Amino acid sequence: MSKFWSSTVRKTKPYVPGEQPNETNVIKLNTNENPYPPSPKALEAMQFAVNDDLRKYPSPTVDSLRKVIAKREDIEPENVFVGNGSDEVLAFAFQAFFEPNEAIKFPEITYSFYPVYAKLYDIPYQTVPLKDDFSIDVEGMCESIGGVIFPNPNAPTGIALNLNEVESIIKRNPNQVIIIDEAYVDFGADTAVPLTKKYPNVLITRTLSKSHALAGIRLGYAIGSSELIEGLERIKNSFNSYTINRITLAGAEAAMKDDIYYDQTLNQIIETREWTKQELEHLEFEVIPSQTNFLFVKPTKITAKELYETLKQQEIYIRFFENLEDYLRISIGSEDDMKTFVNEVTNIINSIKV
Ligand SMILES: Cc1ncc(COP(=O)(O)O)c(C=O)c1O
């Protein structure tokens, strides 16, 4: 605590991101990054964008990228908001749509940034326990006072709700904003974008950090009714008019037009995920079925913490959450990374047996 801190700084409890080790030869399966490089077309566009124009500010309205996203999603550009990573979009959405005296709801086990934003903006919240199978309790998410936010698929469990379940949450919170965080939707869940045309209170957030392998350029976006998008614009323009830099804009636009490359890497990750799931099941792990680029697993032959620490010594990073002590989250890496991972886990488990 410093005497110079404002009361806002004093009450914050910042988010702790997964480790980003400096060494290059580690196997990094801890922050759900994409193991494949970004689209070569995106890299080329970004290299091309490093030119004299960088002396000028970027577009404050991001019109060109909004058009590309709108075309891809079959919506209008006025239904798209673009931000510096979906974390920024989420932070703006908390400020734009939730109130300090009206409790919002989110699942008890979910993306741990939500309580951080809620505390920062003084928004009270109620957490809804997951069902026994780790899925989101639809009934529990209904009739909120201040609004609802949940990832679909949920993180770190990897389980998605179907569109009927999502729609029933929306219908039963008709006067509140429902934020559906679709950071991982591309890996196998159904998007709720069509529901944004039917319900003006639904906001979808997306990111290029996972399925488009562009975590390093920080690009996220939201889709919703024009009134919700205008709400986000008003917050953004009271904070920083130029949140997206020119290089990111060029890379994001090119990446979102390169669907052939995107489909190839996506399919590869899904295939590797299913292979890893099977291998871990052979090693008697409990593996929750995943519709994301990660697996949520419970080892049975070793504690989660011990496995996490032993793998870290071998320079393989996975995610251990202190509050979910029996479980681990493993991001899906390349085929080679996952073979090495499975071999190491096998060796660790075998060495306990003897
Ligand atoms: C559920 C969820 N939402 C949002 C994000 C943030 O993504 P971005 O890189 O776009 O800020 C993450 C990142 O891990 C996430 O897991």
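Residues numbered from 1 in each chain as written. Predicted model: local features only at pLDDT ≥ 70, side-chain atom pairs only at ≥ 80, totals over all residues. Heavy atoms only, no water.

Enquirer: Just checking my understanding: could you explain the packing of aromatic side chains for this structure?
Expert: To describe a pair of aromatic rings, you give the distance between the ring centres and the angle between the ring planes. Taken as a whole and judged by the stated rule, the model has 18 aromatic pairs. The interplanar angle of 80° and the centroid separation of 5.1 Å between the aromatic rings of phenylalanine 94 and phenylalanine 98 together place this pair among those described as edge-to-face. The burial state of phenylalanine 94 is the same as that of phenylalanine 98; both residues are buried. Geometrically, the ring pair formed by tyrosine 111 and tyrosine 114 is edge-to-face, given 5.6 Å between the ring centres and 90° between the ring planes. (Phe/Tyr/Trp six-rings, centres within 6.5 Å; stacked < 30°, edge-to-face > 60°. Buried < 20%, exposed > 50% of the residue type's maximum accessible area, 1.4 Å probe, protein only.)

Enquirer: Just to check I follow, could you spell out the nonpolar core for this structure?
Expert: Across soluble globular proteins, nonpolar side chains show a tendency to be buried alongside one another. If you look at the biggest cluster of nonpolar residues, it comprises 50 residues, and the most contacted ones within it are Val82, Phe150, Ile180 and Leu219. Residue contributions to this core peak at 5 residues, all from helix H9 (residues 246-257). When sequence neighbours within four positions are dropped, the list of residues in contact with valine 82 reads Val62, Leu65, Arg66, Ile69, Leu219, Gly220, Tyr221, Thr243 and Ile244. Ile27, Tyr262, Ile318 and Ile349 belong to the second-largest nonpolar core, a separate cluster that totals 35 residues. (Core = buried A, V, L, I, M, F, W, Y, C linked by side-chain atoms within 4.5 Å. Helix = DSSP H or I, 4+ residues; strand = E, 2+ residues; numbered from the N terminus. Contact = heavy atoms within 4.5 Å.)

Enquirer: It is not clear to me how helix H10 (residues 259-282) should be interpreted in this structure. Could you clarify?
Expert: Owing to its 3.6 residues per turn, the α-helix aligns residues three or four sequence positions apart on the same side. The terminal C-alpha atoms of H10 lie 35 Å apart, and with 24 residues this matches the ideal 34 Å at 1.5 Å per residue to within 8%. The complete set of buried residues in H10 reads Tyr261, Tyr262, Thr265, Leu266, Ile269, Thr272, Arg273, Thr276, Lys277 and Leu280. Taken from the residues just after H10, glutamate 284 is the one with a positive phi, measuring 65°. (Expected span 1.5 Å × (residues − 1).)

Enquirer: Looking at this model, I keep getting lost on the site of the ligand. Mind explaining?
Expert: The environment of the ligand is formed by Gly85, Ser86, Asp87, Tyr111, Asp181, Ala183, Tyr184, Thr207, Ser209, Lys210 and Arg218. One of the side-chain N or O atoms of aspartate 181 is found 2.7 Å from a nitrogen atom in the ligand. Contact distances for the ligand include 2.6 Å between an oxygen atom and a side-chain N or O atom of threonine 207. In the complex, the protein chains occlude 92% of the 400 Å² of accessible area that the ligand would expose alone. Considering only residue class, the shell around the ligand consists of 3 nonpolar, 4 polar and 4 charged. (Near = heavy atom within 4 Å. Polar contact = N/O pair within 3.5 Å; in protein donor to acceptor, adjacent residues only side chain to side chain. Areas by Shrake-Rupley, 256 points an atom, 1.4 Å probe, with all protein chains shown as cover. Nonpolar A, V, L, I, M, F, W, Y, C, P; charged D, E, K, R; others polar.)

Enquirer: For this particular structure, what's the right way to read unusual backbone geometry?
Expert: Glycine aside, negative phi is the norm for most residues, and most peptide bonds take the trans geometry. Residue proline 153 follows asparagine 152 across a cis peptide bond; omega there is -5°. Here proline 153 lies in the loop between strand E5 (148-151) and helix H6 (163-171). Residue proline 156 is bonded to the preceding alanine 155 through a cis peptide linkage, with omega at 10°. Relative to the helices and strands, proline 156 resides in the loop between E5 and H6. Positive phi, close to 50°, is recorded for glutamate 143, a residue that is not glycine. Relative to the helices and strands, glutamate 143 is located in the loop between strand E4 (125-128) and E5. Backbone geometry places alanine 213, a non-glycine residue, at a positive phi of 55°.

Enquirer: Mind showing me how you'd approach helix H4 (residues 86-97) here?
Expert: The terminal C-alpha atoms of H4, which comprises 12 residues, lie 16 Å apart, in line with the 16 Å expected from a rise of 1.5 Å per residue. Burial of H4 is extensive: 9 of the 12 residues sit out of reach of the surface. Listed in full, the buried residues belonging to H4 are Ser86, Glu88, Val89, Leu90, Ala91, Phe92, Ala93, Phe94 and Phe97.

Enquirer: It is not clear to me how the pairing of strand E6 (residues 178-181) should be interpreted in this structure. Could you clarify?
Expert: Every other side chain in a regular strand lies on the same face of the sheet, so the side chains alternate between the two faces. Burial of E6 is two-sided: the residues Ile178 and Ile180 facing one way and the residues Ile179 and Asp181 facing the other way are all buried. Sheet topology places E5 next to E6; 4 bridges connect them, and they run parallel. Bridging across to E6, valine 148 finds its partner in isoleucine 178. Following the chain from E5 across H6 to the adjacent parallel E6, one finds a crossover that is right-handed. (Pairing = 2+ DSSP bridges. Right-handed = clockwise from strand over helix to strand, strands pointing away.)

Enquirer: Explain the UniProt feature "modified residue: N6-(pyridoxal phosphate)lysine" (unreviewed entry) in the protein chain to me, please; I cannot follow it from the model alone.
Expert: When the UniProt feature table is mapped to this numbering, "modified residue: N6-(pyridoxal phosphate)lysine" (unreviewed entry) covers Lys210. Tracing the chain through its elements places lysine 210 in the loop between strand E7 (202-207) and strand E8 (220-223). The exposure class assigned to lysine 210 is buried, which follows from its relative accessible area of 14%. Excluding residues that lie within four positions of it along the chain, lysine 210 makes contacts with Thr31, Asn32, Asn34, Ala183, Tyr184, Phe187 and Asn293. (UniProt positions renumbered as here; feature names shortened; annotations may be inferred.)

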